[in-house]
Amino acid sequence: MNTLILSTDGMGGTILQRLITILYHLEQVKIINIWDMLNGGLQVNSKKKLIKVWPEGGTLDYSQSLAEIETILKNADNNVKIVSRLSKWHLDDRKDEASEKINFYNFCKKFYDKHIICIRKNLFEHAMSLSIRNKSTVSNIIYRNDRNKVLAVEEVDEDYFIEMCQKYINYHNWVDKHFPNAIKIYYEDLITNADQVLKSLTGYTDTFKNYFGTELSVLLQKEYDFSNSLITGIPMQLSKQEQLALIKYKTTTKDMAERKMVGVYVPVKNTTLTDKKKQIKNFDQCLNKFHLFAKNHNWIDQSNATYDFWNKKELTN
């Protein structure tokens, strides 16, 4: 089953795409993750194997037309399932003609059996995360130094923050217009109830628990705690079962990354809303600006703005 993930910056599309790929791999399904279709060159070799070719220096490569990408995907081995992403921000940067984009959307709807939309319950935290990213230049937490850079940010650009709120509105409208029937997956549900979310999308039950000995939601939580402990120096408590499960999980994902099955490593949770509250000096100013912004869009749930989904609690002053 080919799977298409519709996303944009900060939606959780990266982690969802890679977790789906890992799950299918563990279930012995032939799978390839081509990351985003629109960035970097796609090729099909003589054995019809689909290959993602990155330009030197990791720069964006928009040289392939949408029609060329479509042809390449059609010519790939259909016995290998494809997990790929269609990001609005790449579409915005590519400047394709409107008619070309419509044709590509129609192709995607037919070629991919399942269409998934990544969205947010807490728009405030989403915009705050992107604002911190803008200052830190770190997109995903992979290495210890990534977290150090994120934690070094003390203040965000409030104009940029509002710009990110508006970008989410534009993304939401794009999804509603072109992929109204896609499955909606909230980032907050994915990071706190990953096993159930993946079961609903793939039909497989307890894949991570059966393979690693611990549920994926626990692995993600412990991985985040361990990443933080490396910075704080405060040791975390892990049972022997959790230690073995986490080591096996990290080894498996590293192996898949090196074999170019998931692009790069699965990112670790960046910062929680509680972390952001403690870290960012103009947090409250941004919160006030968010509420003013949200008044112009009555479908935005403002009540979630101060709810920390990761820690399952309201913020306290």
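The rules behind the values
Residues numbered from 1 in each chain as written. Predicted model: local features only at pLDDT ≥ 70, side-chain atom pairs only at ≥ 80, totals over all residues. Heavy atoms only, no water. Pairing = 2+ DSSP bridges. Helix = DSSP H or I, 4+ residues; strand = E, 2+ residues; numbered from the N terminus. Axes fitted to C-alpha atoms, helices over the stretch in contact; angles between N-to-C directions. Parallel < 35°, antiparallel > 145°, perpendicular 65-115°, else oblique. Left-handed = near helix turned anticlockwise from the far one by under 90°. Contact = heavy atoms within 4.5 Å. Salt bridge = Lys/Arg side-chain N within 4 Å of Asp/Glu carboxyl O. Buried < 20%, exposed > 50% of the residue type's maximum accessible area, 1.4 Å probe, protein only. pLDDT = per-residue confidence, 0-100.

**Topic: the sheet that holds strand 5 (residues 81–87)**
Point 1. Read across the open sheet, the five strands follow the order 2-5-1-6-7; overall the sheet is parallel. With partners counted over all chains shown, the strands left at the sheet margins are strand 2 (31–36) and strand 7 (183–186), one partner each. Recorded for the sheet is a direction-independent mean angle of 20° between the axes of neighbouring strands.
Point 2. Looking at chain direction, strand 6 (residues 114–119) and strand 7 are connected through four bridges and run parallel.

**Examining the packing of helix 5 (residues 123–136) against helix 7 (residues 158–178)**
Point 1. Look at helix 5 against helix 7: their axes get within 9 Å of each other, and the N-to-C directions meet at 125°. By the criterion of interaxial angle, the relationship of helix 5 to helix 7 is oblique. Along this stretch, helix 5 crosses helix 7, giving a crossing that reads as right-handed. Along its contact with helix 5, which presents L123, F124, H126, A127, M128, L130, S131 and N134, the element helix 7 presents Y160, F161, M164, C165 and Y168.

**What about the pattern of salt bridges?**
Point 1. Enumeration over the complete set of coordinates arrives at 11 salt bridges.
Point 2. A salt bridge links D92 to K88; its shortest N-O distance comes to 3.0 Å. With a gap of four residues between them, D92 and K88 both fall in helix 3 (residues 88–94), about one helical turn apart.
Point 3. The exposure class assigned to K88 is buried, which follows from its relative accessible area of 13%.
Point 4. K121 is paired through a salt bridge with D189; the nearest N and O atoms lie 2.9 Å apart. Of this pair, K121 sits in the loop between strand 6 and helix 5 while D189 sits in helix 8 (residues 187–192), placing them 68 residues apart in sequence.
Point 5. By relative accessible area, D189 is classed as partly exposed at 26%.

**A short note on the pairing of strand 1 (residues 3–7)**
Point 1. For strand 1, a buried count of five out of five residues is recorded, marking the element as mostly surrounded by other parts of the structure.
Point 2. Of the two faces of strand 1, the one holding T3, I5 and S7 and the one holding L4 and L6 are both buried throughout.
Point 3. In terms of strand pairing, strand 1 meets strand 5 through five bridges, oriented parallel. Bridging across to strand 5, T3 finds its partner in V83.
Point 4. Across four bridges, the pairing between strand 1 and strand 6 is parallel. Each residue of the ladder has a partner; that of L6, found in strand 6, is I117.

**Examining unusual backbone geometry**
Point 1. In the Ramachandran plot, K48 falls in the positive-phi region, its phi being about 65° despite a non-glycine side chain.
Point 2. Within the secondary structure, K48 sits in the loop between strand 3 (41–44) and strand 4 (50–53).
Point 3. The class of K48 is partly exposed, set by a relative accessible area of 44%.
Point 4. With a phi angle near 65°, K95 is a residue other than glycine that sits in the positive phi range.
Point 5. Within the secondary structure layout, K95 lies in the loop between helix 3 and helix 4 (98–111).

**Things to note about the pairing of strand 5**
Point 1. The element strand 5 is extensively covered by neighbouring structure, given that six of its seven residues are classed as buried.
Point 2. Pairing analysis gives four bridges linking strand 2 to strand 5, with the strands arranged parallel. If you follow N33 over to strand 5, its bridge partner there is V83.

**What about the environment of I31?**
Point 1. Tracing the backbone through its elements, the reader meets I31 in strand 2.
Point 2. Overall, I31 belongs to the buried group, its relative accessible area being 9%.
Point 3. Between the C-alpha atoms of I31 and S303, which are 272 residues apart in sequence, the distance is 40 Å.

**Considering the confidence of the model for the protein chain**
Point 1. For the protein chain, the average pLDDT comes to 89, and 92% of its residues sit at 70 or higher.
Point 2. Across the protein chain, the element-wise mean pLDDT spans from 77 in helix 6 (residues 144–151) up to 97 in helix 14 (residues 283–294).

**Describing the environment of C165**
Point 1. The topology assignment puts C165 in helix 7.
Point 2. Among the residues examined, C165 registers a relative accessible area of 0% and is labelled buried.
Point 3. Residues C165 and F283 lie 118 residues apart in sequence; the distance between their C-alpha atoms is 15 Å.
Point 4. With residues up to four places along the chain from it excluded, the contact list for C165 reads L123, A127, F290 and F293.

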